[in-house]
Amino acid sequence: MTQKKKAALHAYTVELRFSGEHLEPSEISNQLNLQPSNAFSQSQNKFLIRKRRPYWAYNGHGEVGFQSEWALLEDGLEFLIKCLNSRKAKVIALARQFDGIWWCGHFQASFDGGPTLSPKLLTELGSYEIPLSIDNYFNDE
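Everything quoted here is computed from the prediction, not taken from an experiment. (Residues numbered from 1 in each chain as written. Predicted model: local features only at pLDDT ≥ 70, side-chain atom pairs only at ≥ 80, totals over all residues. Heavy atoms only, no water.)

Trainee: Can you help me understand the side chain of Ser 29 in this one?
Mentor: Its location among the elements puts Ser 29 in helix 2 (residues 25–32). Ser 29 sits in the buried class, given a relative accessible area of 7%. Side chain to side chain, Ser 29 and Trp 56 meet in a polar contact 2.9 Å long. Aside from chain neighbours lying at most four places away, what touches Ser 29 is Leu 34, Gln 35, Pro 36 and Trp 56. (Helix = DSSP H or I, 4+ residues; strand = E, 2+ residues; numbered from the N terminus. Buried < 20%, exposed > 50% of the residue type's maximum accessible area, 1.4 Å probe, protein only. Polar contact = N/O pair within 3.5 Å; in protein donor to acceptor, adjacent residues only side chain to side chain. Contact = heavy atoms within 4.5 Å.)

Below, the structure written as structure tokens:
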């Protein structure tokens with residue numbers, strides 16, 4: 001199977017996420033001067049039977065080169081780091097205050113292949129002191 005065909009069977013989404021019981025999404029937005037791609041505040045819990053933990057998520061939407069899905073996980077993470085690089089110190093501080101995570105969705109239609117990440121990218125991700133999580137989803141359509 002060619003590399004191009006393997007890539008077509010896999011798609012990736014990437015986000016930087018912060019969560020915490022006392023997290024207020026608007027405060028994160030103000031500190032980073034970024035609008036979230038997704039957020040949930042404590043005040044929204046009053047409408048839910050099952051309570052959710054407040055969170056703030058950013059995927060780089062609105063930035064030049066943004067893609068909602070990436071053929072290669074490395075490309076998506078490099079894009080996100082590029083968007084956040086000028087705010088790195090603030091991102092690290094927020095990750096110490098709240099639970100920060102590099103969240104990646106891996107949507108696959110086959111069990112062959114999957115993501116690979118270069119040592120350079122892993123080193124850069126590690127310098128933020130934030131864990132990397134890859135959630136896998138299988139779709140056989």
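Trainee: Quick question: what am I supposed to make of the environment of Glu 74 here?
Mentor: Relative to the assigned elements, Glu 74 resides in helix 3 (residues 73–84). Sequence separation between Glu 74 and Pro 115 is 41 residues, and the spatial gap between their C-alpha atoms is 7.7 Å. Excluding its chain neighbours within four sequence positions, the residues that come into contact with Glu 74 are Thr 116, Leu 117, Ser 118 and Leu 121.

Trainee: Explain the packing of aromatic side chains here, please?
Mentor: Ring pairs (aromatic) are described by centroid distance and by the angle formed between their planes. Counted under the stated rule, the structure contains 7 aromatic pairs. Seen from their ring centres, Phe 40 and Tyr 55 are 6.3 Å apart, and the 10 degrees between their planes marks the pair as stacked. Residue Phe 40 is located in strand 2 (residues 38–40), and its partner Tyr 55 is located in strand 3 (residues 55–58); the two are separated by 15 residues in the primary sequence. Comparing Phe 40 with Tyr 55 shows no difference in burial state: the two are buried. Between Arg 17 and the ring centre of Trp 103, over which it is positioned, the NZ or CZ distance is 4.1 Å. (Phe/Tyr/Trp six-rings, centres within 6.5 Å; stacked < 30°, edge-to-face > 60°. Lys NZ or Arg CZ within 6 Å of the ring centre and 35° of its normal.)

Trainee: So what exactly am I meant to see when it comes to the packing of helix 2 against helix 4 (residues 88–97) here?
Mentor: When two helices pack together, their arrangement is given by the angle between their axes and by how far apart the axes lie. Running from N to C, helix 2 and helix 4 cross one another at 155 degrees; their axes reach a closest spacing of 10 Å. Between helix 2 and helix 4, the angle is such that the two are roughly antiparallel. Only Lys 90, Val 91 and Leu 94 of helix 4 make contact with helix 2, whose side of the interface consists of Ile 28, Gln 31 and Leu 32. The residue inventory of the contact of helix 2 with helix 4, partitioned by class, reads 4 nonpolar, 1 polar and 1 charged. (Axes fitted to C-alpha atoms, helices over the stretch in contact; angles between N-to-C directions. Parallel < 35°, antiparallel > 145°, perpendicular 65-115°, else oblique. Nonpolar A, V, L, I, M, F, W, Y, C, P; charged D, E, K, R; others polar.)

The analysis is restricted to geometry; functional conclusions fall outside its scope.
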